[in-house]
Protein chains: 2
Amino acid sequence: MSAVSFKVTASSENPTKTVVRARNFEMIIDEPRNLRGTDAGPNPVEYVLGALAGCLNVVGHVVAREMGFQLRGITFELEGDLDPAKFMGKETPSRAGYSEIRVKVKPDCDLNREQLETWLHTIESRCPVSDNISNPTPVKISLG
Amino acid sequence: MSAVSFKVTASSENPTKTVVRARNFEMIIDEPRNLRGTDAGPNPVEYVLGALAGCLNVVGHVVAREMGFQLRGITFELEGDLDPAKFMGKETPSRAGYSEIRVKVKPDCDLNREQLETWLHTIESRCPVSDNISNPTPVKISLG
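Small disclaimer: the values here were computed from a predicted structure and weren't measured. (Residues numbered from 1 in each chain as written. Chains lettered and ligands numbered in written order. Predicted model: local features only at pLDDT ≥ 70, side-chain atom pairs only at ≥ 80, totals over all residues.)

1. A short note on the overall build of chain A
Per the secondary structure count, chain A includes three helices and six strands. Walking chain A from its N terminus toward its C terminus, one meets helices and strands in the order β-β-β-α-β-β-α-α-β. For the C-alpha atoms alone, the extent of chain A along its principal axes is close to 50 × 35 × 30 Å. Looking at chain A as a whole, 49% of its 144 residues are labelled buried. For chain A, restricting intrachain contacts to residue pairs at least 6 apart in sequence, the fraction spanning at least 24 positions comes to 41%. (Helix = DSSP H or I, 4+ residues; strand = E, 2+ residues; numbered from the N terminus. Buried ≥ 20, exposed ≤ 12 C-beta atoms within 10 Å, placed from the backbone. Contact = placed C-beta atoms within 7 Å.)

If you want it as structure tokens, here you go:
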């Protein structure tokens, strides 16, 4: 099994608004007005939570199929805590990003609690986005 | 400076399609047809790249303002390599997520190379999404 590459391009429409192109799709990213944005879309850290939900959904269904149970759907609640001090350039011991992300997963199925825990732990270990957030991932940023 | 929380909710529309709600916005996440999806939107790992671009744009402009130069815009190219073996449940030494993410940043401004490098390194250290990908972030997943 060889690695595949995913690519996007993006451009700033203003200091807070970014238009991202992924294949034939667009994502509009912005900051809300209380963060001095133009509020044209979710902000970058909300997109991180969204990506995590989307990935858990896909893996959740793959694992359900493998385990042989009917998964009628999943709902998610995601929340992350972020201290904006470092982002704003202040002296701080805080990190720039989320200090913690919490995810509540509510599957619509007939498994018992033990089976559900097995399902959940399997998903967690195989979810690409969860892996990239939980574990260090090299990000190589260079001038183009 | 105290931490703020960001929240989203999400629900599966089918095994690959997720609708995410962030404040008054929606993100549609799906997989392309060659990954057995219904291709209604970018996939989760493309959203990760998009979130990173959006965050670098915001921080890039904040730092430009602090450094006192005119930044007319930024374009980005982002790419990540991912081995789908672990996601698919195969025995593999590979990790589930991106093994590496590369970002090319092209600012439209009149800085010299040295000033640009200073700008870029400052952005990198203060970008929340870059921090959450580069460094370990606790993700606590539980049954709702």
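2. Comments concerning the sheet that holds strand 4 (residues 73-82) of chain A
Here six strands make up an open sheet; going across it, the order is 3(B)-2(B)-1(B)-4(A)-5(A)-6(B) and the pairing mixed. Of all strands in the sheet, those with a lone pairing partner are strand 3 (25-29) and strand 6 (139-143) of chain B, marking the two edges. When strand polarity is set aside, the average angle formed by the axes of neighbouring strands in this sheet is 20°. Here strand 5 (residues 98-108) of chain A pairs with strand 6 of chain B via five bridges, running parallel. Across the sheet, residue valine 105 of chain A finds its bridge partner in strand 6 of chain B, namely leucine 143 of chain B. Across the sheet, helix 2 (residues 113-126) of chain A is in contact with strand 5 of chain A together with strand 6 of chain B; its angle to strand 6 of chain B comes to roughly 155°. (Pairing = 2+ DSSP bridges. Axes fitted to C-alpha atoms, helices over the stretch in contact; angles between N-to-C directions.)

3. Regarding the packing of helix 1 (residues 44-67) of chain A against helix 2 of chain A
Residue and element names in this part refer to chain A. Where helix 1 contacts helix 2, the axes come no closer than 9 Å and their chain directions differ by 125°. Considering the angle they form, helix 1 stands oblique to helix 2. Here helix 1 runs over helix 2; the crossing is right-handed. Listed contacts from helix 2 to Leu56, Val59, Gly60, Val63, Ala64 and Met67 of helix 1 are Trp119, Thr122, Ile123 and Arg126. Here the contact of helix 1 with helix 2 is composed, by residue class, of seven nonpolar, two polar and one charged. (Parallel < 35°, antiparallel > 145°, perpendicular 65-115°, else oblique. Left-handed = near helix turned anticlockwise from the far one by under 90°. Nonpolar A, V, L, I, M, F, W, Y, C, P; charged D, E, K, R; others polar.)

4. Some thoughts on the environment of tyrosine 98 of chain B
Take tyrosine 98 of chain B: it is sitting in strand 5 (residues 98-108). Between the C-alpha atom of tyrosine 98 of chain B and that of threonine 18 of chain B, which follows or precedes it by 80 residues, the distance is 21 Å. Apart from the residues lying within four places of it in its own chain, the contact partners of tyrosine 98 of chain B are Asn132 and Thr137 of chain A together with Val45, Gly80, Asp81 and Leu82 of chain B.

5. Looking at helix 2 of chain A
All names here are of chain A. Between its first and last C-alpha, helix 2 extends 20 Å over 14 residues, near the 20 Å set by a 1.5 Å rise per residue. When we look at burial in helix 2, the residues that qualify are Trp119, Ile123 and Arg126. Along helix 2, the residues classed as buried sweep out an arc of 75° about the axis, all on the same side. Summarising the geometry of helix 2, the exposed residues directed more than 90 degrees from the buried face are Arg113, Glu114 and His121. Looking at the buried positions of helix 2, the neighbouring elements they touch are helix 1. (Expected span 1.5 Å × (residues − 1). Arc of directions from axis to C-beta.)

6. Here we look at the pairing of strand 1 (residues 4-12) of chain B
Bridge count for strand 4 of chain A against strand 1 of chain B is eight bridges, and the pairing is antiparallel. Each residue of the ladder has a partner; that of phenylalanine 76 of chain A, found in strand 1 of chain B, is alanine 10 of chain B. Where strand 1 of chain B and strand 2 (residues 18-22) of chain B come together, four bridges link them in antiparallel fashion. Its bridge partner lying in strand 2 of chain B, serine 12 of chain B is registered against threonine 18 of chain B.

7. Topic: the relation of the copies chain A and chain B
The two chain copies are connected by a rotation around an axis plus a translation along it. With an axial shift of 0.0 Å and an RMSD of 0.0 Å, the rotation relating chain A to chain B amounts to 180°. Here the copies are linked by what is in effect a two-fold axis. A share of 100% of the interface residues of chain A reappears at the interface of chain B, consistent with the copies meeting face to face through the same patch. (Least-squares fit on C-alpha atoms with pLDDT ≥ 70 in both.)

8. Re the domain arrangement of chain A
Residue and element names in this part refer to chain A. Along its sequence, chain A is carved into domain 1 (9-42) and domain 2 (43-134). Placing the centre of domain 1 and that of domain 2 at their C-alpha centroids yields a distance of 23 Å. Listed per partner, the contact involves six residues of domain 1 and five residues of domain 2. (Domains from an automatic or database assignment.)

9. Notes on the packing of helix 1 of chain A against helix 1 (residues 44-67) of chain B
Running from N to C, helix 1 of chain A and helix 1 of chain B point in directions that differ by 175°, and their axes come no closer than 8 Å. Taken together, the axis directions place helix 1 of chain A and helix 1 of chain B in an arrangement best described as roughly antiparallel. Facing helix 1 of chain A, whose interface residues are Pro44, Tyr47, Val48, Gly50, Ala51, Gly54, Cys55 and Val58 of chain A, helix 1 of chain B presents Pro44, Tyr47, Val48, Gly50, Ala51, Gly54, Cys55 and Val58 of chain B. Broken down by class, the residue content of the contact of helix 1 of chain A with helix 1 of chain B amounts to 12 nonpolar, four polar and no charged.

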